[in-house]
Amino acid sequence: MRFSTIAAGLLAAGSSLSLASPFAAGGSVARRSAGAGIAKPKVFIISMFTPEADVWWGIPEFDLLAKNVTVPGFSPLFPDAHCTANGEICQLVTGEGEINAAVTIASLLRSGLFDLTSTYFLIAGIAGISPELGTLGSVSFARFAIQVALQYEFDVREVPSNWSTGYVPQGAKEPLQYPVDIYGTEVFEVNDALRQVAMSFAKKASLNDSATAVAYRAKYATSDLYAAGAQGPSVIACDVATSDVYYSGTILSSVFSNYTKVITNGTGEYCATAQEDNATLEAMMRGAADGIVDYSRIIVMRTASDFERPYPGQATIDNLLTVDQGGFEPAVQNIYLAGVKIVEGILDGWNSTFASGVKATNYLGDIFGTLGGQPDFGPYGPSNPALKKKSVKRNVKGRRNVPVKVRL
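The residue count restarts for each chain, going from 1 along the sequence in the order it is written. At least 70 in pLDDT is required for a residue's local features to be given in this predicted model, at least 80 for side-chain atom pairs to be given and counted, and no such filter applies to totals for whole chains, interfaces and linings, which use all residues. Side-chain numbers come from the whole structure's heavy atoms, not from hydrogens or water.

Engineer: Looking at this structure, I do not really get the overall build of the chain. What am I missing?
Structural biologist: What counts as a helix is a DSSP run of H or I of at least four residues, what counts as a strand is a run of E of at least two, and both are numbered from the N terminus. Broken down by element type, the chain carries 10 helices and 16 strands. Relative to its 408 residues, the chain shows a buried fraction of 56%. Whether two residues are in contact is decided by their heavy atoms, any of which lying within 4.5 Å being enough. Long-range pairs, those at least 24 residues apart, make up 76% of the contacts in the chain between residues at least 6 apart in sequence. Here, Shrake-Rupley sampling with a 1.4 Å probe gives the accessible areas, and only protein chains in the shown set may cover a residue. Total accessible area computed for the chain in this model is approximately 16,200 Å², and 54% of it derives from carbon and sulfur atoms. Burial status follows relative accessibility: with a 1.4 Å probe on protein chains alone, a residue under 20% of its type maximum counts as buried, one over 50% as exposed, and anything between as partly exposed.

Structural data, given as structure tokens:
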């Protein structure tokens, strides 16, 4: 989750799109897709709103505003992709929330303006953080993205007395059962081997902090459960929750942490809270199914701007609405400080490692196995072999039967 700002008129910097290679000249998308003159980025940075984007501008390592490419279908607030002069590094801004993210990424992939078949995508945004695993300013890297709010919801004042939440997985009869109605966007898994490489690069960074954040996180030291929250910022491996609802509080956070375990068959580690990642990954997966992108080249990095629950004794309302936690600026700065090490690491190691790709040793993709392989989560994974699917099926390009709605 992030603190929103009103972004308008902040993307005018930099030069206009040149007609010279490596960027496409005019003509139809089909002609540009055929290969002549289009840019082939090695790294594409995905930002979600203005502070996450402009922390990359004016840096000494590279100039992302050297070329601005207007992409049909991008947000009216953020209509351009930004690239270095040689087209090796690019950036876009999706706009906040799941709908903005899905439409922007789908528009990029179908635009024909870029050859993205060997591009590494760095999702680089800020997030809320659980003090059980991280702290203000921490840099988290996810293997799983979980759409935690894709559930039935009842007002907690109207649920049975033995329920701890009003959230019930879709098609289930009570909280924390595995969902029965499967949409396909509930969970995405990315390349863990690449995640480990990205973390090794990020650990070379000296992370930013603030005096306000130091004082605020010390309040979490009164609970052993929140020992990680009381420490200074670091690079951590844990997973990201996606929800358009900007939630806060111990009860909801605990519910979604538990749901993360349920939906990933016990593997996921809830820590970061954001609003876009499942939408971004769904669009990426569909592009990968058509050979437009390589799904194994996605990195999900979130830096911690705020605690998603209060410290012991604090009112939940105060934690979100009235107190300056001091984490926003360090989180934004750490996007760049950690992220630039990843970008440089990929470029420096392109010929030796990254051109050919980092081979995944874990499952990649969604709950349906759309990209092939056997999901290690969900009702069809190896931990649930006895479950029988009663599903509506359709053929996708004649290759495989994919369940589109499932009742167990």
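Picking up where we left off.
Engineer: Please clarify how the state of the cysteines should be interpreted in this entry.
Structural biologist: A pair of sulfur atoms, both from cysteines and within 2.5 Å, is called a disulfide here. Scanning the entire structure with this criterion turns up 2 disulfides. Each sulfur in the disulfide pair Cys 238 and Cys 271 lies 2.0 Å from the other. Sign of the S-S torsion, about 70° for the bond between Cys 238 and Cys 271, identifies this disulfide as right-handed. With Cys 238 in the loop between strand 11 (235–237) and strand 12 (239–242) and Cys 271 in strand 13 (residues 270–274), the pair connects residues that are 33 residues apart, well separated along the chain. What makes Cys 238 buried here is its relative accessible area of 2%. The exposure class of Cys 271 is buried, given its relative accessible area of 0%. For the chain, numbering the cysteines in disulfides from first to last along the sequence yields the connectivity 1-2, 3-4.

Engineer: Could you clarify how one ought to interpret the nonpolar core in this entry?
Structural biologist: Burial of nonpolar side chains together is a common tendency in soluble globular proteins. Ranked by size, the top nonpolar core spans 49 residues in total, and within it Phe 114 and Tyr 295 carry the most contacts. Looking at which element gives the most residues to this core, the answer is helix 7 (residues 277–289), with 5 residues. By convention a nonpolar core is built from buried Ala, Val, Leu, Ile, Met, Phe, Trp, Tyr and Cys residues, the set being connected through side-chain atoms within 4.5 Å. Core analysis: the second largest hydrophobic core is formed by 41 residues, Val 43, Ala 53, Val 55 and Leu 194 among them.

Engineer: It is not clear to me how helix 7 should be interpreted in this structure. Could you clarify?
Structural biologist: For an α-helix, the turn length of 3.6 residues means that residues three or four places apart are oriented alike. End to end, helix 7 covers 18 Å across 13 residues, agreeing with the expected 18 Å (1.5 Å per residue, within 8%). The buried count for helix 7 comes to 11 of 13 residues, which makes it a mostly enclosed element. The complete set of buried residues in helix 7 reads Asp 277, Asn 278, Ala 279, Thr 280, Leu 281, Glu 282, Ala 283, Met 284, Met 285, Gly 287 and Ala 288. Count one or two residues on from helix 7 and you reach Gly 291, which has phi positive near 80°. Helix span, as expected, comes to 1.5 Å for every residue beyond the first.

Engineer: What's the story with the side chain of Asp 277 in this structure? I'm lost.
Structural biologist: Among the secondary structure elements, Asp 277 is positioned in helix 7. The class of Asp 277 is buried, set by a relative accessible area of 0%. Not counting residues within four places of it along the chain, the set of residues in contact with Asp 277 comprises Ile 123, Ala 145, Val 240, Thr 242, Val 300 and Arg 302.

Engineer: How should the environment of Ile 38 be read in this particular structure?
Structural biologist: Considering the arrangement of structural elements, one finds Ile 38 in the loop between helix 1 (29–33) and strand 1 (43–47). In this structure, the C-alpha to C-alpha distance between Ile 38 and Asp 115, residues 77 residues apart in sequence, is 6.5 Å.

Engineer: Where do I start with the pairing of strand 3 (residues 80–83) in this structure?
Structural biologist: Strand residues, when the strand is regular, have side chains that alternate between the two faces of the sheet. Alternating positions in strand 3 separate into two faces, Asp 80 and His 82 on one and Ala 81 and Cys 83 on the other, with burial throughout. Two strands pair when backbone bridges link them, and strand 2 (residues 67–70) and strand 3 are joined in this way by 4 bridges, in the antiparallel orientation. If you follow Lys 67 over to strand 3, its bridge partner there is Cys 83. In this scheme, strands are said to pair when DSSP sees at least two bridges between them. Count of turn residues in the strand 3/strand 4 (residues 89–93) antiparallel hairpin: 5 residues, of which Gly 87 carries a positive phi of about 75°.

Engineer: So what exactly am I meant to see when it comes to unusual backbone geometry here?
Structural biologist: Generally, phi is negative for residues other than glycine and the peptide bonds are trans, each holding for most cases. Even without being a glycine, Leu 176 presents a positive backbone phi close to 65°. For Leu 176, the location among the structural elements is in the loop between strand 9 (167–169) and strand 10 (187–189). At Asn 265, a residue that is not glycine, the phi angle is positive and equals roughly 55°. Its location among the elements puts Asn 265 in the loop between helix 6 (250–263) and strand 13. In this structure Asn 265 comes out as partly exposed when scored by relative accessible area, which is 26%.

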